[in-house]
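The primary structure of each chain is shown beneath.
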Amino acid sequence: MSLGLAEVAKIAHLARLSIREEDAPIYARNLSAILELVAQMNAVDTTGVAPMAHPLDTAQRSRADEVTESNQRERFQAIAPRIEAGLYLVPKVIE
Amino acid sequence: MHEKTIAQLSAGLAVGHFSSEELTCAFLDRIARFNSSLNAFITITAESALTQARAADERRRRGEAGPLTGVPIAHKDIFCTDGVRTSCGSRMLDRFIAPYNATVVEKLNAAGTVMLGKTNMDEFAMGSSNETSFYGPVRNPWDLEAVPGGSSGGSAAAVAARLTPGATGTDTGGSIRQPAALCGITGIKPTYGRVSRWGMIAYASSLDQGGPMARTAEDCALLLGAMAGFDPRDSTSVDRPVPDYIAHLDQPLDGLKVGLPKEYFGEGLDRAVAQAVEAAIAEYRQLGAEMVEISLPNSHLAIPAYYVVAPAECSSNLARFDGVRYGHRCEDPKDLLDLYTRSRGEGFGAEVKRRILVGTFALSAGYYDAYYLKAQQIRRLISEDFRRAFAQVDVIMGPTSPTVAFNLGEKADDPITMYLSDIYTIAVNLAGLPSLSLPVGFVGQRPVGLQLIGDYFAEDRLLNIAHRYQQVSDWHQRTPAAFA
């Protein structure tokens, strides 16, 4: 499968990733080459093969619904790009 | 002191030949002297290392020391370290001071190890040469024109150059074993679930596994014993007792059945690498092992399946870096979308972006069955290959990497060629098996690694098999001339 510039732009938007216009053809070429590599999978018939999601085929554990963490808001916000009054600041979302 | 293994340093500390403070100073001096030529460390934590070393010496005076108390090590910069920058080799986290310790760091701290610093790595562990790091490439101590391998390239180079006696690494598709092979050291990727992933920055969560890198199997056994174990904070951690890895090291190899997969010795394997690997196999025959040719018929599908599973999980894991709560944020975002896209566009390097894009595509509407589901089915076929093999043999042997270390820049512009350097290591991650690489020779100046693959939770056996070879060989004792 080969990807064009419009498809790369669409995927980049889905990934919320800005890519420079001059780099887009390189990504299109690289991504197409990777998808070509991946297409080798299609040579194998996998009808009826159960997909393997976990290497040990075990289910994820669940834990009791109990509070285990204490509030460390100040500590975690100390590394935030922008905060005010204990809130994370982002550009205005609603006019 | 820098020529000693962890086991020897541990013995020296125990009898008081030197203190942890002296030892730590000696390694910090070497880092100060040599790191500029290797770029193996992103952050050097000299001050806190000395504090930890003095605490270790104090603990020893109280009679509470264990085998690793006072031993200096380095952590790959993917493990969160409380109060210390944890960059993951990325501009995205260039100013990220982790607010907690990874479980692996916590456990090694509890054992009394001293952290010398954080080692360089491919950005977010995505790479096989350490060239994708935001902090620049690491050089191979055996030949400064060569790459150290990746993604744990800084850890491998630092151990090989004797800047630290041991280090942590992580392995998603070969990132412990391939750099260990290319730098002439020993490294083990444990069974998926053996070592906690908590606080280890996620790349591909169903494949990522942390493990130790050191000069010898014995040193890896010491470190793994401290790192492994159940962690309720990692939902995929396995609740199973950790064996005494040291106690198993000397077991004889008589009657050991070794499988040699024909797919690992075919086209693409460098002839000189093959010769070194065959010489090691001959040595194992001398040690009592019996060789059996086996087949892993779906081996050729490992790279294609990996480059769906890993990017898909990466695109999902790295969605958390949005410029809001931590990490890089762009200047003057005009709206929320601009904040997300530009922060991510500026924060991530080219290889990370490539994998996010591939993963986003593979998971996008209409493509899931053709890519992710198909890859998960292939994964089942690959793991069944191994299951059949282990019904017949105790361990699988082959080359870790098809070539010795390549030159810096040689593959940097061609992602596919780079991906193929992990051709023998990736299937192991897809199956979740443990695997170890140990040094077994050189081609010119550049080291060759032998890969051992074991059945689930057979880390003790792999360490034993590597250890016995290291009792009758000296590849692991060689030091690169420039760092003697």
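Residues numbered from 1 in each chain as written. Chains lettered and ligands numbered in written order. Predicted model: local features only at pLDDT ≥ 70, side-chain atom pairs only at ≥ 80, totals over all residues. Heavy atoms only, no water.

**A look at the overall build of chain A**
Next, step 1: Per the secondary structure count, chain A includes three helices and two strands.
Next, step 2: What you see in chain A, going N to C, is helices and strands ordered as α-α-α-β-β.
Next, step 3: Against the compact-globule benchmark of 12 Å for 95 residues, chain A has a radius of gyration of 22 Å, which places it well outside the compact range.
Next, step 4: Dimensions of chain A, computed from the C-alpha atoms along their principal axes, are close to 55 × 45 × 25 Å.
Next, step 5: The buried share among the 95 residues of chain A stands at 32%.
Next, step 6: Carbon and sulfur atoms provide 53% of the accessible area of chain A, an area that totals close to 6,800 Å².
Next, step 7: Separation of charge centres in chain A, based on 10 positive and 13 negative side chains, amounts to 6 Å. (Helix = DSSP H or I, 4+ residues; strand = E, 2+ residues; numbered from the N terminus. Rg over C-alpha atoms; globule rule 2.2 N^0.38 Å. Buried < 20%, exposed > 50% of the residue type's maximum accessible area, 1.4 Å probe, protein only. Areas by Shrake-Rupley, 256 points an atom, 1.4 Å probe, with all protein chains shown as cover. Lys, Arg positive; Asp, Glu negative; His and termini not counted. Charge placed at Lys NZ, Arg CZ, Asp CG, Glu CD.)

**Remarks on the interface of chain A and chain B**
Next, step 1: Across the boundary between the two partners, chain A contributes 47 residues, which contact 72 residues of chain B.
Next, step 2: Both sides of the chain A and chain B interface together cover about 5,100 Å² of buried area, and 70% of this is carbon and sulfur.
Next, step 3: It is A:Met41, A:Met52 and A:Arg61 that lose the most area in chain A upon contact with chain B, and together they represent 14% of the buried surface on that side.
Next, step 4: Counting the contacts that link chain A with chain B gives one salt bridge. (Contact = heavy atoms within 4.5 Å. Buried area = accessible area lost by both parts, 1.4 Å probe. Salt bridge = Lys/Arg side-chain N within 4 Å of Asp/Glu carboxyl O.)

**Re helix H1 (residues 6–15) of chain B**
All names here are of chain B.
Next, step 1: Taken together, the buried positions of H1 are occupied by Ile6, Ala7, Leu9, Ser10, Gly12 and Leu13.
Next, step 2: Lining the buried residues of H1 we find helix H2 (20–38), helix H3 (46–61), strand E4 (166–171), strand E6 (209–214) and helix H7 (217–227).
Next, step 3: Taken from the residues just after H1, Gly16 is the one with a positive phi, measuring 80°.

**Describing empty space enclosed by the protein**
Residue and element names in this part refer to chain B.
Next, step 1: Counted by the stated rule, this structure contains two cavities of 30 Å³ or more.
Next, step 2: Gly127, Ser128, Ser175, Tyr306 and Asp422 are, among the 15 residues lining the largest cavity, the residues nearest its centre.
Next, step 3: Empty space within the second largest cavity amounts to approximately 30 Å³.
Next, step 4: The wall of the second largest cavity is formed by Ala181, Leu182, Val273, Ser401, Thr403, Val404, Pro447, Val448 and Gly449.
Next, step 5: The element contributing the most residues to the lining of the second largest cavity is strand E11 (residues 446–454), with three residues.
Next, step 6: In terms of residue class, the lining of the second largest cavity is made up of six nonpolar, three polar and no charged. (1 Å grid on protein atoms, 1.4 Å probe; cavity = no way out; pocket = protein on both sides within 12 Å on 5 of 7 lines; lining within 4 Å. Points joined across faces, edges and corners; volume = space filled by probe spheres on them. Nonpolar A, V, L, I, M, F, W, Y, C, P; charged D, E, K, R; others polar.)

**As for the nonpolar core**
Residues and elements named next belong to chain B.
Next, step 1: With 165 residues, the main nonpolar core has Phe124, Tyr284, Phe386, Leu452 and Leu463 as its most contacted residues.
Next, step 2: Considering every element that reaches this core, the biggest residue donor is helix H9 (residues 302–317), with ten residues.
Next, step 3: Apart from residues no more than four positions distant in its own chain, Phe124 is found in contact with Cys88, Ser90, Met92, Leu93, Ile201, Tyr203, Leu318, Phe321, Phe348 and Val352.
Next, step 4: Membership of the second largest hydrophobic core comes to seven residues, among which are Val147, Ala181, Ala405 and Met418. (Core = buried A, V, L, I, M, F, W, Y, C linked by side-chain atoms within 4.5 Å.)

**Re a nonpolar patch on the surface**
All names here are of chain A.
Next, step 1: A cluster of nonpolar side chains, Phe76, Ile83 and Tyr88, forms an exposed patch at the surface whose accessible area comes to about 240 Å².
Next, step 2: Its location among the elements puts Phe76 in helix H3 (residues 73–77).
Next, step 3: With a relative accessible area of 34%, Phe76 lands in the partly exposed category. (Patch = residues over 30% accessible without salt bridge, like charges linked within 9 Å, V, L, I, M, F, W, Y side chains within 5 Å.)

**Some remarks on the packing of helix H1 (residues 5–14) of chain A against helix H11 (residues 350–363) of chain B**
Next, step 1: Running from N to C, H1(A) and H11(B) cross one another at 90°; their axes reach a closest spacing of 9 Å. As the angle between them shows, H1(A) and H11(B) are arranged roughly perpendicular. Contacts between H1(A) and H11(B) involve A:Ile11, A:Ala12 and A:Leu14 from the former and B:Leu357, B:Thr360 and B:Phe361 from the latter.
Next, step 2: Of the residues contributing to the contact of H1(A) with H11(B), the split by class is five nonpolar, one polar and no charged. (Axes fitted to C-alpha atoms, helices over the stretch in contact; angles between N-to-C directions. Parallel < 35°, antiparallel > 145°, perpendicular 65-115°, else oblique.)

**A short note on the packing of aromatic side chains**
Residues and elements named next belong to chain B.
Next, step 1: Taken as a whole and judged by the stated rule, the model has 18 aromatic pairs over all chains.
Next, step 2: Aromatic pair Tyr284 and Tyr469: ring centres 5.4 Å apart, planes at 20°, arrangement stacked. One end of the pair, Tyr284, is in helix H8 (residues 271–286); the other, Tyr469, is in helix H15 (residues 459–471), with 185 residues separating them in the sequence. By the burial criterion, Tyr284 is buried, and Tyr469 matches it.
Next, step 3: Arranged with centres 5.7 Å apart and planes meeting at 40°, the rings of Tyr368 and Tyr372 form a pair that is tilted.
Next, step 4: Residue Tyr372 is classed as buried on the basis of its relative accessible area of 12%.
Next, step 5: In textbook terms, an aromatic cluster arises when at least three aromatic residues are bridged by ring pairs, as seen for Phe96, Phe124, Phe321, Tyr326 and Phe348.
Next, step 6: Sitting above the plane of the Phe406 ring, Lys411 keeps its charged end 4.3 Å from the centroid. (Phe/Tyr/Trp six-rings, centres within 6.5 Å; stacked < 30°, edge-to-face > 60°. Lys NZ or Arg CZ within 6 Å of the ring centre and 35° of its normal.)

**Quick word on the UniProt feature "domain: Amidase" (unreviewed entry) in chain B**
Next, step 1: The UniProt feature table records "domain: Amidase" (unreviewed entry) at residues 22–463 of chain B.
Next, step 2: Regarding residues 22–463 of chain B, the helix share stands at 37% and the strand share at 14%, and the terminal C-alpha atoms are separated by 30 Å. (UniProt positions renumbered as here; feature names shortened; annotations may be inferred.)

**Considerations on the layout of surface pockets**
Residues and elements named next belong to chain B.
Next, step 1: In this structure, the largest pocket spans a volume of roughly 800 Å³.
Next, step 2: Around the largest pocket, the lining is made up of 30 residues, and of these Cys80, Tyr100, Trp198, Gly199 and Tyr326 lie nearest the centre.
Next, step 3: Grouping the amino acids of the lining of the largest pocket by side-chain chemistry returns 15 nonpolar, seven polar and eight charged.
Next, step 4: Size it by volume and the second largest pocket reaches roughly 400 Å³.
Next, step 5: Taken together, the residues of the lining of the second largest pocket sort by class into eight nonpolar, two polar and five charged.

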